[in-house]
Amino acid sequence: MDNIATYEPQIIAFCCLHCAYAAADLAGTSRIAYPPSIKIVSLSCTGRTDMGHILKTLEDGADGVLVVGCLEGGCHFQTGNLYARQRVEHVAGLLDQIGLESERVRMVNVSAGQGARFAELANVFAKTIKALGPTGLKMKPAAREIPLPSPAEDELTLLLADQKPAGKGAI
Amino acid sequence: MIVADQKPIKDIKEMLRGKKKVLAVGCGTCVTVCFAGGKREVGVLSSALRMATKLDDEPVQIDETVVQRQCEKEFIEHLGEQLDEYDAILSLGCGVGVQTLADLYPNTRVLPALNTKFMGGPSEQGVWVELCQGCGNCMLEYTGGICPISQCAKQLMNGPCGGTGKDGRCEVDPDTPCAWFNIWERMDQLGIQDELMQIQPAKDWSSSRDGGRRRIVRKDLQKPELDEDI
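Here, residues in each chain are numbered from 1, in the same order as that chain's written sequence. Note on labels: chains are lettered from A, ligands numbered from 1, in written order. The predicted origin of the model limits local features to residues at a pLDDT of at least 70 and limits the giving and counting of side-chain atom pairs to 80 or more, whereas totals for whole chains, interfaces and linings rest on all residues. Excluded from the side-chain calculations are hydrogens and water; all other atoms, namely the structure's heavy atoms, are used.

### Here's the deal with the nonpolar core
In step 1: Ranked by internal contacts, the top residues of the largest apolar core, which has 40 residues, are Ile98(A) and Val105(A).
In step 2: A run of H or I in DSSP counts as a helix once it spans at least four residues, and a run of E counts as a strand once it spans at least two, with each numbered from the N terminus. With eight residues, the single largest contributor to this core is helix α3 (residues 39-55) of chain B.
In step 3: By definition in these notes, contact holds between two residues if any of their heavy atoms fall within 4.5 Å. If we ignore the near neighbours within four places in the chain, the residues touching Val105(A) are Ile54(A), Leu58(A), Val65(A), Val88(A), Val91(A), Ala92(A) and Leu95(A). By nonpolar core we mean a set of buried residues, namely Ala, Val, Leu, Ile, Met, Phe, Trp, Tyr and Cys, connected to one another through side-chain atoms within 4.5 Å. Categorising residues by exposure relies on relative accessible area from a 1.4 Å probe, with only protein chains included: less than 20% of the type maximum marks a residue as buried, more than 50% marks it as exposed, and the intermediate range marks it as partly exposed.

### Describing the pattern of salt bridges
In step 1: Criterion for a salt bridge: a side-chain nitrogen of Lys or Arg within 4 Å of a carboxyl oxygen of Asp or Glu. Per the counting criterion, the structure on display carries 18 salt bridges over all chains.
In step 2: A salt bridge links Arg85(A) to Glu72(A); the nearest nitrogen and oxygen atoms lie 2.8 Å apart. Taken together, the residues span a long stretch of sequence, with Arg85(A) in helix α3 (residues 80-98) and Glu72(A) in the loop between β3 (64-69) and α3 at a distance of 13 residues.
In step 3: According to the relative accessible area criterion, Arg85(A) is partly exposed, its value standing at 22%.
In step 4: Among the charged side chains, a network of salt bridges with common partners joins Glu59(A), Arg50(B) and Glu64(B).

### Considering the environment of Asn182(B)
Residue and element names in this part refer to chain B.
In step 1: Secondary-structure assignment places Asn182 in helix α7 (residues 179-190).
In step 2: Residue classification places Asn182 among the partly exposed positions, given a relative accessible area of 26%.
In step 3: Along the primary structure Asn182 and Ser150 are separated by 32 residues, whereas in three dimensions their C-alpha atoms are 13 Å apart.
In step 4: Residues within four places of Asn182 in sequence aside, it is in contact with Ile146 and Pro177.

### Here we look at the interface of chain A and chain B
In step 1: Between chain A and chain B, the contact holds 16 residues from the first and 13 residues from the second.
In step 2: Summed over both sides, the interface between chain A and chain B buries roughly 1,300 Å², with carbon and sulfur atoms accounting for 62% of that surface.
In step 3: Interface area lost by chain A to chain B is led by Glu59(A), Ile98(A) and Leu137(A), which between them contribute 41%.
In step 4: Of the charged contacts in the structure, one is a salt bridge between Arg40(B) and Asp50(A), with a shortest N-O distance of 2.9 Å.
In step 5: We define a polar contact as two N or O atoms separated by no more than 3.5 Å, with the added condition that, inside protein, one atom must be a possible hydrogen donor and the other a possible acceptor, whereas residues neighbouring each other in sequence contribute only through side-chain atom pairs. The interface formed by chain A and chain B includes six residue pairs in polar contact (both at pLDDT 80 or more). Reported buried area values correspond to the accessible surface (1.4 Å probe) lost by two parts on association, with both partners' losses combined.

### As for the sheet that holds strand β2 (residues 38-43) of chain A
Residue and element names in this part refer to chain A.
In step 1: If you trace the four strands from one edge of the open sheet to the other, you get β2-β1-β3-β4, paired in parallel fashion. The strands lining the two open edges of the sheet, one partner per strand, are β2 and β4 (105-109). Strand-to-strand, the axes of this sheet are offset by a mean angle of 20 degrees, without reference to chain direction.
In step 2: Direction of pairing for strand β1 (residues 11-16) relative to β3: parallel, over a ladder of five bridges. Looking at β3, one finds that Ile12 is bridged to Val65. Each pair of strands is called paired provided DSSP finds at least two bridges between the two strands. Axis definition: a line fitted to C-alpha atoms, limited for helices to the stretch in contact. Angles are taken between N-to-C directions and run from 0 to 180 degrees.

This is the structure:
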């Protein structure tokens, strides 16, 4: 990371094959843009997400990790996405202990038909990560020029605030 | 099993201060089953520590390995071949594992990454409870298989104190069931409540920690000595 001005964050999105991966595909076929810096790794279920995968991804140079599962209540394996959320929240706590911003890992939920929603969440997450800047593993915090956003300005949190679990009969 | 819990990252980071290369050693037995020091936990902790120390400008190279059983020398002997290149071992074993490593490798600093908590088992997914204190004089035959030593805060031998709630919970912690309430219910289920009327004498604690460090000698299992004159 040489130049913060031309910095494009590297984001890895662990996507459930049954929903988020299909939603990303739908976004693509619908010509809805989301940042090309988001690299998608498909999983058979976000319940397969291992805390080690997330940490190793950040250690190996990613600036942010997004885990995208089915809507709560709509998991193909019933509770895989709920386990994933618990793990992502645990890793966020670990990042605080490590000294990295916990906002760098997030869990969001979309259904297979929500291509536009996937692109919207991906765009906002990419914006958040860009504002956070490169991790301290790649660049010293003092070298950053972009100030960190306050929690109140975190668009992804605001965007997710109205997200309700799918519940019975959803989708 | 022995149940352990990981120390906070900042405490482990402090232990690693000044070290350049460390070997994280997990254990494939009890601490794997309680998700504190198995292969997965070694990977997560090592990755977290590598990042944390790098962020502090004091990067530590942390290599990872897991042995099947850290508490027996036969299972950790092979580590000796590579230890010269490490400043320390970070053990993700229980206290027994840490001490066994330190005993076998007295010239290498062995650091504990876990806090060893108790002997117990899972009561539900993600929850472990203490079930045995190793008092050395088991009395489970009198109490329907429920241990008042490990499960009663006062370690009472002859029925509950006055702190049992109507719901059968302990006054010390509302999440903890009263051991003696459960013992009474269990003995009722077994139809042998009358056995509880037998007064238990004061317990002999000399077989527990009060008697100092304990050991078991099994002559039938010891290595036989060969008489040179025969």
